[in-house]
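Structural description and commentary
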Amino acid sequence: QVQLVESGGGLVQAGGSLRLSCAASGSIFSINAMAWYRQAPGKQRELVAVISSGGTTNYADSVKGRFTISRDNAKNTVYLQMNSLKPEDTAVYYCNADVRTDGRRLYRSYWGQGTQVTVSS
């Protein structure tokens with residue numbers, strides 16, 4: 001089994017910063033892409049940022065220039081540095097990773113439990 005555990009959420013004023021972390025553990029052979037998604041009340045879950053195993057990144061237009069995704073492959077951990085936060089960034093943030101549990105298996109998508117980010121105006 002594979003577990004993803006997020007941390008770093010909280011309450012911050014508009015213009016502030018937060019750093020989210022997500023550590024993957026368990027029966028991990030390799031990890032391909034890692035990503036952050038978010039879901040605001042009454043809205044669909046949306047992709048915020050994704051990073052490949054080689055470090056290539058992509059961002060939602062709404063967070064470009066403000067958020068930075070990074071990863072530490074040795075620690076099986078992905079980070080999301082969020083700067084210049086806005087009230088519309090308020091959501092539950094979920095970590096996602098494509099994990100292979102052994103060399104004979106295909107990659108499978110795993111999700112964390114989510115961490116709340118609230119930005120006050």
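Computed from a predicted model, the values in this text were never measured in an experiment.

On to the sheet that holds strand E3 (residues 18-26). Overall, antiparallel pairing links the four strands, which are arranged E1-E3-E8-E7 in an open sheet. The strands lining the two open edges of the sheet, one partner per strand, are strand E1 (2-7) and strand E7 (67-72). Ignoring which end each strand starts from, the neighbouring axes of this sheet average 15° apart.

Before going further, it helps to spend a moment on unusual backbone geometry. Outside of glycine, negative phi angles account for most residues, and trans bonds account for most peptide bonds. We note that Asn76 has phi near 50°; this positive angle belongs to a residue other than glycine. Its place among the elements puts Asn76 in the loop between E7 and strand E8 (77-82). Phi at Ser84 takes a positive value of approximately 50°, unusual for a residue other than glycine. The topology assignment puts Ser84 in the loop between E8 and strand E9 (91-100). Residue Ser84 is classed as partly exposed on the basis of its relative accessible area of 42%.

It is worth spelling out the packing of aromatic side chains at this point. According to the stated counting rule, one finds one aromatic pair in the structure shown. Between the NZ or CZ atom of Arg19 and the centre of the ring of Tyr79, over which it lies, the distance is 4.1 Å. The ring centre of Trp111 lies 4.7 Å from the NZ or CZ of Arg45, which sits over that ring.

Moving on, we come to the state of the cysteines. Counting across every chain of the model gives one disulfide. Cys22 shares a disulfide with Cys95; S-S distance 2.1 Å. Taking the torsion about the sulfur-sulfur bond, which here is approximately -80°, the covalent link between Cys22 and Cys95 counts as left-handed. Highlighted residues: Cys22 in strand E3 and Cys95 in strand E9, separated in sequence by 73 residues. Assigned by exposure class, Cys22 and Cys95 land together as buried.

Using the criterion set out here, one finds six salt bridges in the structure. Two residues, Lys64 and Asp61, come together in a salt bridge whose shortest N-O distance is 3.1 Å. Of the charged contacts, one joins Arg66 and Asp89 as a salt bridge, the two residues approaching to 2.8 Å between their closest N and O atoms. Remark: Asp89 occurs in the loop between E8 and E9 and Arg66 occurs in the loop between strand E6 (57-59) and E7; sequence separation between them is 23 residues. Judged by its relative accessible area of 10%, Arg66 falls in the buried class. Here Asp89 falls in the buried class, since its relative accessible area comes to 1%. Sharing partners across several salt bridges, the network here consists of Arg38, Glu46, Arg66 and Asp89.

We now examine the side chain of Thr77. Here Thr77 lies in strand E8. Since its relative accessible area comes to 7%, Thr77 is described here as buried. Of note is the side chain of Thr77, whose polar atom sits 2.9 Å from the backbone oxygen of Lys75. Excluding residues that lie within four positions of it along the chain, Thr77 makes contacts with Cys22, Ala23, Met34, Ser70, Arg71 and Asp72.

Cut-offs applied
- Residues numbered from 1 in each chain as written.
- Predicted model: local features only at pLDDT ≥ 70, side-chain atom pairs only at ≥ 80, totals over all residues.
- Heavy atoms only, no water.
- Pairing = 2+ DSSP bridges.
- Helix = DSSP H or I, 4+ residues; strand = E, 2+ residues; numbered from the N terminus.
- Axes fitted to C-alpha atoms, helices over the stretch in contact; angles between N-to-C directions.
- Buried < 20%, exposed > 50% of the residue type's maximum accessible area, 1.4 Å probe, protein only.
- Phe/Tyr/Trp six-rings, centres within 6.5 Å; stacked < 30°, edge-to-face > 60°.
- Lys NZ or Arg CZ within 6 Å of the ring centre and 35° of its normal.
- Disulfide = S-S within 2.5 Å.
- Salt bridge = Lys/Arg side-chain N within 4 Å of Asp/Glu carboxyl O.
- Polar contact = N/O pair within 3.5 Å; in protein donor to acceptor, adjacent residues only side chain to side chain.
- Contact = heavy atoms within 4.5 Å.

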